[in-house]
Amino acid sequence: MSKYLEVYWANTHNLKNINVKIPKNKMVIITGLSGSWKSSLAFNTIYNVWQQKYLESLSSYARMFIWWMKEEAKVDEIVWLSPTISIDQKTTNRNPRSTVWTITEILDYYKLLYLNIWKRKCIKCNNLIKKDSLSTVIDDLIKQDIWIKFIIKALFYKNKTEVNIEKIKKEILDLGFIRFSIWNNIYTVNDEIILDKEKRYNIYIIIDRLIIWDYIKKDNSDNKRLKDSLELAFKIGNWQIQIEILSKKSKQKNYSNVFICSDCWHIPEELTISSFSFNSHAWACPVCHWLWEKMVFLEENIVKENLTIEEWAILPPWFWWSYFFNLIKEVKKKHKLRINIPYKDLSKRERNLLMNWTWNIIYRVKFLSEKWTSNIYNSKFEWVINTLSRRFFTSGKEKTHYDKYVTNIDCPDCGGMRLKKESLSIYLNKLNIWELSKISVVKSKDFFNKIQLSNNQKK
Ligand SMILES: [Zn+2]
Ligand SMILES: [Zn+2]
């Protein structure tokens, strides 16, 4: 194989019988004035010729799905031509939401991947959300010791308050059952039960009580009673059931055959391709709207530590105003705030009082107005950072006064990951779509090589 790609007598567009030798395995840049037919050589000639060769190797059916250059390259010969890819030049608009990732359309492929193959965690309790079926429940039970007894329960009422137990007993009886459980205690409809009206209860109907040995066969041959009971439980439990394993340490496992968190019953939003898209208003991080940063005021950037409060240690101009100062004096009287020592020597409590606390206390502030009339105002003390944020984000005119005190930090809600929590709770081999986009090309290759799919995912 030659070290060069050789082009002879290229005539495409206005090229004037160009002969070039381009070194391989090097980064070669073609430069020239705009309109000097650079892309006619690179794109319309070299890439074009390779593409024609490639197309010839495909069936006519396959060609229907490929975009190709219909125009023919005018060139006598290109020798030592290797497979060629073209990364098109793209004029990017200056959208702050654009990244290499979005411009190259790699994101589109990732979106498809995450939409179809994923594990999802509950955004409320971090539990893995899965949809169970009879066979996943049975698979779980098979793992138990063969002499274990277990109870199949259907969820009847969840988080129910003001329970009218007599009414519920009747409902259970009407469905053809006599046993139910509350807090893992089992009762029959004839039992006297006293419940606290204030508390919330989960009430389960006992559907069946079985022993693994009798009712679960590994070869699935005689699981009929088990399957029937599970099916009935799912139906009565509105798709949610609990299995209580009665061993020395009894334990409960929740299952659901619809897509819902079996621990906290959070129902996740249904995914679409736009679930991973920043353009989608519905799926972008609600705090930063895909800009990943949030503007905040940080103590270290608004305070000069060596000054006392009397000497205007708080830098933004609003706090120089004598009204604020009179208010601070009132706060000082009530809360032991030292305004005559350097800010850095204030206690944690004092700093916090200034920066982050809101006292729902009305202070009477004496204030000399512009007309030199003295007035008493009733005022609350709003903490410094809140005051700044309010003035910065709501007042157009004053905003510029505060510009230099504002700091951009990673968005606290998405941690700079730009999407809503529901989108970021979708994992492929422990990485969410944002984390996957952040790893290097080499690591990505490794990542994709290691993906192992279940039979369902392969489909
Ligand atoms: Zn949950
Ligand atoms: Zn965010």
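Report on the accompanying structure. (Residues numbered from 1 in each chain as written. Chains lettered and ligands numbered in written order. Predicted model: local features only at pLDDT ≥ 70, side-chain atom pairs only at ≥ 80, totals over all residues.)

**Comments concerning the overall build of the chain**
- Summing up its helical and strand segments, the chain has 17 helices and 16 strands in all.
- Burial analysis of the chain (459 residues in total) assigns 19% to the buried set.
- Taking as baseline every contact in the chain between residues at least 6 positions apart, the subset at least 24 positions apart corresponds to 66%. (Helix = DSSP H or I, 4+ residues; strand = E, 2+ residues; numbered from the N terminus. Buried ≥ 20, exposed ≤ 12 C-beta atoms within 10 Å, placed from the backbone. Contact = placed C-beta atoms within 7 Å.)

**Structural notes on the pairing of strand β11 (residues 251–256)**
- Pairing of strand β10 (residues 240–246) with β11 involves six bridges; the strand directions are antiparallel. Pairing of Ile-245 across the sheet is with Lys-251, part of β11.
- Counted along the chain from β10 to the antiparallel partner β11, the turn is four residues long. (Pairing = 2+ DSSP bridges.)

**Quick word on the sheet that holds strand β5 (residues 128–129)**
- Spatially, β5-β4-β16 is the arrangement adopted by the three strands of the open sheet, whose pairing is antiparallel. At either end of the open sheet lies a strand with only one pairing partner, and these are β5 and β16 (426–427).
- Here two bridges tie strand β4 (residues 119–121) to β5, and the two strands are oriented antiparallel to one another. Residue pairing across strands places Lys-121 opposite Leu-128, the latter belonging to β5.

**Describing helix α10 (residues 322–335)**
- The end-to-end C-alpha distance of α10, which contains 14 residues, comes to 20 Å, matching closely the 20 Å that a straight helix rising 1.5 Å per residue would cover.
- At the exit of α10 stands Lys-336, carrying a positive phi of roughly 50 degrees. (Expected span 1.5 Å × (residues − 1).)

**A closer look at the environment of Ser-437**
- Relative to the elements of secondary structure, Ser-437 occurs in helix α15 (residues 433–438).
- On the neighbour-count criterion, Ser-437 (19 C-beta atoms within 10 Å) is partly exposed.
- Each C-alpha atom of the pair Ser-437 and Leu-107 lies 8.0 Å from the other, and the pair is 330 residues apart in sequence.

**Considering the sheet that holds β11**
- Taken in spatial order, the six strands of this open sheet run β8-β7-β9-β6-β10-β11, and their pairing is antiparallel. With one partner strand each, in any of the chains shown, β8 (185–188) and β11 form the two edges of the open sheet. Recorded for the sheet is a direction-independent mean angle of 35 degrees between the axes of neighbouring strands. (Axes fitted to C-alpha atoms, helices over the stretch in contact; angles between N-to-C directions.)

**A closer look at the nonpolar core**
- One finds Ala-154, Tyr-204, Ile-205, Ala-233 and Ile-241 to be the most contacted residues of the largest nonpolar core, which totals 24 residues.
- Counting only elements with at least two residues in this core, the list comes to α5 (134–142), β6 (149–160), α6 (165–174), β9 (201–211), α8 (224–236) and β10.
- Counting residues per element, this core draws most heavily on β6, which supplies six residues.
- In terms of nonpolar packing, the next biggest core, distinct from the first, is built from 17 residues, Ile-302, Ile-314, Leu-354 and Phe-381 among them. (Core = buried A, V, L, I, M, F, W, Y, C linked by C-beta atoms within 7 Å.)

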